[in-house]
Amino acid sequence: MIRFFLLQNRQGKTRLSKWYVPPSTGTGAGSSSSSANGNHILSANYATSNNQTEAEKARIEAEVHRLVTSRDKKYTNFIEYNNYKLIYRRYAGLFFTIAVDVQDNELSYLESIHLFVELLDSYFANVCELDIVFNFNKVYRELH
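What counts and how
Residues numbered from 1 in each chain as written. Predicted model: local features only at pLDDT ≥ 70, side-chain atom pairs only at ≥ 80, totals over all residues. Heavy atoms only, no water. Helix = DSSP H or I, 4+ residues; strand = E, 2+ residues; numbered from the N terminus. Contact = heavy atoms within 4.5 Å. Salt bridge = Lys/Arg side-chain N within 4 Å of Asp/Glu carboxyl O. Pairing = 2+ DSSP bridges. Axes fitted to C-alpha atoms, helices over the stretch in contact; angles between N-to-C directions. Buried < 20%, exposed > 50% of the residue type's maximum accessible area, 1.4 Å probe, protein only. Polar contact = N/O pair within 3.5 Å; in protein donor to acceptor, adjacent residues only side chain to side chain. Parallel < 35°, antiparallel > 145°, perpendicular 65-115°, else oblique. Left-handed = near helix turned anticlockwise from the far one by under 90°.

**Q** Hey, could you go over the overall build of the chain for me, with residue numbers and the actual values?
**A** Along the backbone of the chain there are 4 helices and 7 strands. Ordered by position from N to C terminus, the α and β elements of the chain give β-β-β-β-α-β-β-β-α-α-α. Intrachain contacts of the chain at a sequence separation of at least 6 include 45% that bridge at least 24 residues.

See below:
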């Protein structure tokens, strides 16, 4: 199962991210407590948990970029990271990265990255980073 999809440039700027599964923060998402009439109320503050989730996403994106860009070209495009596997491919100055479960087939996801790049290339007629920046909504729609 795909955990997230990242599109980053060489400088580490994330141009596109799609999270299919929220990152695990190591703590529970919230605990339930009973009110006087027996109804369950979620006791976690939504704004706080949302900020923690965004901070965790930013941390993961930075770490993934560090791992992918520092890797030598003689190695494979697969990296085991935490409890999932990173599959990445570099096209010009952009890194396309997919995080999946450890037991998933790496080659099928590598082919999916290539197919997505070919789709963007045909859609924008020789796609570049600026096409992605200025047409973010179109690229994001194609990713769904």
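**Q** Provide a residue-level description of the pattern of salt bridges, including the pertinent values.
**A** With the rule as written, the count across this model stands at 6 salt bridges. For Lys57, the salt bridge identified is with Glu54, shortest N-O distance 3.7 Å. Taken together, the positions of Lys57 and Glu54, both in helix α1 (residues 46–69) and 3 residues apart, correspond to about one turn of that helix. What you see here is one network of salt bridges that share partners, running through Glu56, Arg59 and Glu63.

**Q** Outline the sheet that holds strand β6 (residues 84–91), supporting the account with residue identities and numerical values.
**A** Pairing is antiparallel in the open sheet, where 5 strands are placed in the order β2-β1-β7-β6-β5. The two strands at the open ends of the sheet, each matched to only one other strand, are β2 (14–19) and β5 (78–81). Neighbouring strand axes in the sheet, compared pairwise and without regard to direction, differ in orientation by 20° on average. Docked against the sheet, helix α2 (residues 106–124) engages β1 (2–9), β5, β6 and β7 (94–101), running at close to 35° with respect to β6.

**Q** I'd like to hear about the pairing of β6, residue by residue, with values.
**A** Counting buried residues in β6 gives 6 out of 8 residues, a clear majority hidden from the surface. Relative to β6, β5 runs antiparallel, the two sharing 4 bridges. The residue bridging Phe78 from the neighbouring strand is Ile87, located in β6. What sits between β6 and β7 in their antiparallel hairpin is a turn of 2 residues, with Ala92 showing a positive phi close to 55°.

**Q** Which residues make up the side chain of Lys85, and what values do they have?
**A** Its location among the elements puts Lys85 in strand β6. Owing to a relative accessible area of 6%, Lys85 belongs among the buried residues under this scheme. Within the structure, the side chain of Lys85 is placed 2.7 Å from the backbone oxygen of Val102, a separation counted as a polar contact. Engagement of the side chain of Lys85 in a polar contact is seen with the side chain of Glu106, the distance being 2.5 Å. Look past the residues within four positions of Lys85 in its chain and what remains in contact with it is Ile79, Glu80, Ile98, Ala99, Val100, Asp101, Val102, Asp104 and Glu106.

**Q** Can you explain the packing of α2 against helix α4 (residues 136–143)? Please cite residues and give values.
**A** Between α2 and α4, the shortest axis-to-axis distance is 11 Å and the interhelical angle comes to 140°. Classed by the angle they form, the pair α2 and α4 counts as oblique. When the axes of α2 and α4 are compared, the crossing they make is right-handed. Residues Phe116, Leu119, Leu120, Tyr123 and Phe124 of α2 lie in contact with α4, whose contacting residues are Lys138, Val139, Arg141, Glu142 and Leu143.

**Q** Tell me what's going on with the environment of Phe116, and back it up with residues and numbers.
**A** Positionally, Phe116 belongs in helix α2. Once the C-alpha coordinates of Phe116 and Glu142 are considered, the two residues, 26 residues apart in sequence, prove to be 8.4 Å apart. Aside from chain neighbours lying at most four places away, what touches Phe116 is Phe5, Phe96, Val139, Glu142 and Leu143.

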